[in-house]
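Single-letter residue listing:
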Amino acid sequence: MAIAHRKLEILNALDQKVQWLSTWVIHNANHIRKSTDGLKVGGHQASSASSATILCALYFDVLRPQDRVAVKPHASPAFHAIQYLLGRQTREKIENFRAIKGAQSYPSRTKDTDDVDFSTGSVGLGVAQTLFASLVQDYVKSHGLMRDRPEGRMISIVGDAELDEGNIHEALIEGWKQGLRNTWWIIDYNRQSLDAVVHEDLYKKFETMFTNYGWDVVVIKFGKLLQAAFAEPGGEDLKSWIEACPNQLYAALCFQGGAAFRKRLLSELPDNSPARALIAKRSDDELIALMSNLGGHDMASLLEAFHAVDHDRPTCFIAYTIKGIGLPFQGHKDNHAGLMSPAQMEAYRTKQNVRAGHEWDALEGIGIPRGEIEAFLAAVPFAQERKRRYEARVIPTPPTLDCPALSSMSTQQAFGLILNALARADSELASRLVTTSPDVTVSTNLGSWVNRRGLYAREELVDVFRQEKIPSSYTWDFSAKGQHFELGIAEMNLFILLAALGLSHDINGERLIPVGTVYDPFIERGLDALNYACYQDARFMLAGTPAGITLAPEGGAHQSLKTPLIGMGQPGLSSFEPAYADELAAIMAWGFAHIQKQDGGSVYLRLSTRTIAQIPRIMTPELTQDIVEGGYWRAAPDTHTQAVIAYTGAVAPEAAEAARALNARGIPTALLAITSYDRLYEGWSNAARAPSQVQALLDAVPTGALLFTVIDGHPSALAWLGGAGGHRTTALGVRKFGESGSVGDLYRINGIDAAGIEHAVEAHMVKSAASPARQTAGR
Ligand SMILES: Cc1ncc(C[n+]2csc(CCOP(=O)(O)OP(=O)(O)O)c2C)c(N)n1
Ligand SMILES: [Mg+2]
């Protein structure tokens, strides 16, 4: 498709403007503002320049409002500059690039105000997010939602070194399994990473890899100048020379300039090559302009490639670029954090036709009549919708969920039963629930939910075992109406899918209530993606199960002990570790509402496979409130109380048994159930503003009483309770893992069995009597 000449002129002028502004934004942040606020020097100039033309082609021409983009982290200045030209970014924000309240270093959907679709920063994650966002868009469409809006393309501008990240490969295989559509990944193939020049011929690997996963691959290698030169006499020789030139050398020559290219070419081309004349015809400036005219810097080549796509197959574009194009350090292997000096910047300003004092003027020196460029900008297709973020109504949630009626059960079992009860009823909440799990659907108790609600796939696939009438507990039917995303084992994919599902209200305007399950220890495998999901303010419920050493004989390697600390430390995620099914029901009911609240967040449930006898009781609104706030008294203290046992989760029977035995032995002991160390801690941290639950609970404990905390996890999750109430505290828990055995054996060797707790209490009572000032942190 030929692009109209004038349009190309305008787009090229805008590209130059973006190059200028993004370079200036960084210069301003590092050289001008630095003197007053002491900002640390670091650059995105080379990386931003590399992608600027690709971004301009997209934002000023190719994108439609429904398209969604993840911009590679270091192209943030170019992104903000484009939004500035489109009137969607303020000068104040870009003047304060990387400062408080200013535009962010890396595009951020929560912190930036100029309509970032997907945050990036941790390389690889934003890329995969586009893939999962596309699957979620299909899910939403398949379920008859989002009828009033067209499908968007999910697009990522990818740094070539990002493809080293394993999560991208994990996402690719999942995309292939799920029939991915509508996804474009545009690789900024500058053959440079942060430290160095990348391996030779990497693009060949990319090509085969993407083709292998069913993607179309489009290589955008040469710009129009080079293509025209190849058609001249000697052009063939020139092309062969370029094709054979190693990445390092090409980069070095781009840095050195036209004269160096000339010298090299003349020394390497055959004596009789007509390419010599082709080179001789050009000045040094013309020669470097020619040799750096790679596809990714050539507006016409990019537009041609993008507009040629008339299908919804996933497509990878490999756009050849030069890192730092047009800047003094173009092609230099150390340029990732390169910054132009004030003198270099002055020279660049003059070259870009920008007058001193007019650096921020959007259309300064653009060389196109103001009216024409304004009219062009006003008609940019992407900018036709001012509001690309949607609001979706809140899906009504019941104030309570029924607790499964079993006298003994585990929290994991209760979780499955609660979901099963939801699956049976015909509520709107159930219709919006989407479950997902990385190959642990059955073993995390989602099986009965899936039996009722089915697996999701755009194309129907029946369970052959069911068809053949072979008895099986689980029906594995896939359909477009299914409500469970079955993933392969890669936990990264789980969290990125949860991020995509959990942003559907904002991206697709249709709210989904995502629930993911994972073996608790493997949260750590996907931790960066979990953090990224929370950073983007995606909303979901996560069940980590089974947790801790309580899974006992299942294997030492699967024991999680740090996850309570992850739950506490992760902003945007409220974590809970109930012991009883009625607590879990109360927490889930609260959680389904919380994940939909404007100021809410996601929810993490740390669950167990240990069957424990349930407490026969009636759930009151007060108890419900205490459970979701994080704790309640099972045996309240009084003025005689000498010891308090505060427990969390599956060790509840041991804690209760120890309290009973101690009371029987004449040590008045109270019993405190902690359902959320995270919420309690959060409340305590905000105690200056509002009364905190933990202080209300501990106020009733006599000052001299000793506090003993017990958890199947790292003891520090509860050890802080001593600080909240001012009680001397002994924190019991698990600090080593890896031993398999029975629950009893493992609790015993970690000192969290009833005898271990009793022993700790008695030993510390004696010590405390002997030396009242002594503080202890562990056993
Ligand atoms: C997970 C992660 N590891 C490391 C980094 C630090 N880092 C930032 S950019 C980068 C490499 C940049 O290379 P590339 O992706 O090719 O981008 P470009 O050359 O376009 O700047 C690295 C290692 C990061 N941001 N995220
Ligand atoms: Mg690179």
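Preceding block: the structure.
Residues numbered from 1 in each chain as written. Chains lettered and ligands numbered in written order. Predicted model: local features only at pLDDT ≥ 70, side-chain atom pairs only at ≥ 80, totals over all residues. Heavy atoms only, no water.

This paragraph deals with the side chain of Q137. Within the element layout of this structure, Q137 appears in helix α6 (residues 125-142). Since its relative accessible area comes to 2%, Q137 is described here as buried. In terms of polar contacts, Q137 uses its side chain to reach the backbone amide nitrogen of G152, at 2.9 Å. Not counting the four nearest positions on each side in its chain, Q137 is found in contact with M146, E151, G152, M154, N182 and N508. (Helix = DSSP H or I, 4+ residues; strand = E, 2+ residues; numbered from the N terminus. Buried < 20%, exposed > 50% of the residue type's maximum accessible area, 1.4 Å probe, protein only. Polar contact = N/O pair within 3.5 Å; in protein donor to acceptor, adjacent residues only side chain to side chain. Contact = heavy atoms within 4.5 Å.)

A few words on the packing of aromatic side chains. Applying the stated criterion to the full structure yields 26 aromatic pairs. Ring geometry for Y59 versus F79: centroids 5.7 Å apart, planes at 70°, classification edge-to-face. A residue pair is termed long-range when its members are at least 10 positions apart, and Y59 in helix α3 (residues 45-62) and F79 in helix α4 (residues 76-85) qualify at 20 residues. In this pair, the class of Y59 matches that of F79, namely buried. Positioned over the ring face of Y390 is R149, at 3.9 Å from the centre of the ring. (Phe/Tyr/Trp six-rings, centres within 6.5 Å; stacked < 30°, edge-to-face > 60°. Lys NZ or Arg CZ within 6 Å of the ring centre and 35° of its normal.)

The next point concerns the coordination of the magnesium ion (ligand 2). Six octahedral donors at a metal ideally form angles of 90 or 180 degrees, and four tetrahedral donors ideally form angles of 109.5 degrees. Bound to the magnesium ion (ligand 2) on the protein side are D160 (OD), N190 (OD1) and Q192 (O), at distances that span 1.9 to 2.2 Å. Here the donor residues for the magnesium ion (ligand 2) map to a single chain with the spacing D-x29-N-x1-Q. A residue pair is termed long-range when its members are at least 10 positions apart, and D160 in the loop between β2 (154-159) and α7 (166-178) and Q192 in the loop between β3 (183-189) and α8 (202-212) qualify at 32 residues. As far as burial versus exposure is concerned, D160 and Q192 are alike and both buried. (Donors = N, O, S within 2.8 Å, 3.2 Å for Na, K, Ca; no water.)

As a further point, take the site of ligand 1. Contacts to ligand 1 come from 18 residues, most closely from S47, K72, G121, D160 and K323. Contacts to ligand 1 include S47, whose side-chain N or O atom sits 2.6 Å from an oxygen atom. Residue N190 places a side-chain N or O atom 3.0 Å away from an oxygen atom belonging to ligand 1. For ligand 1, whose free accessible area comes to 590 Å², the fraction covered by protein is 75%. (Near = heavy atom within 4 Å. Areas by Shrake-Rupley, 256 points an atom, 1.4 Å probe, with all protein chains shown as cover.)

Read these as spatial facts, not as claims about activity.
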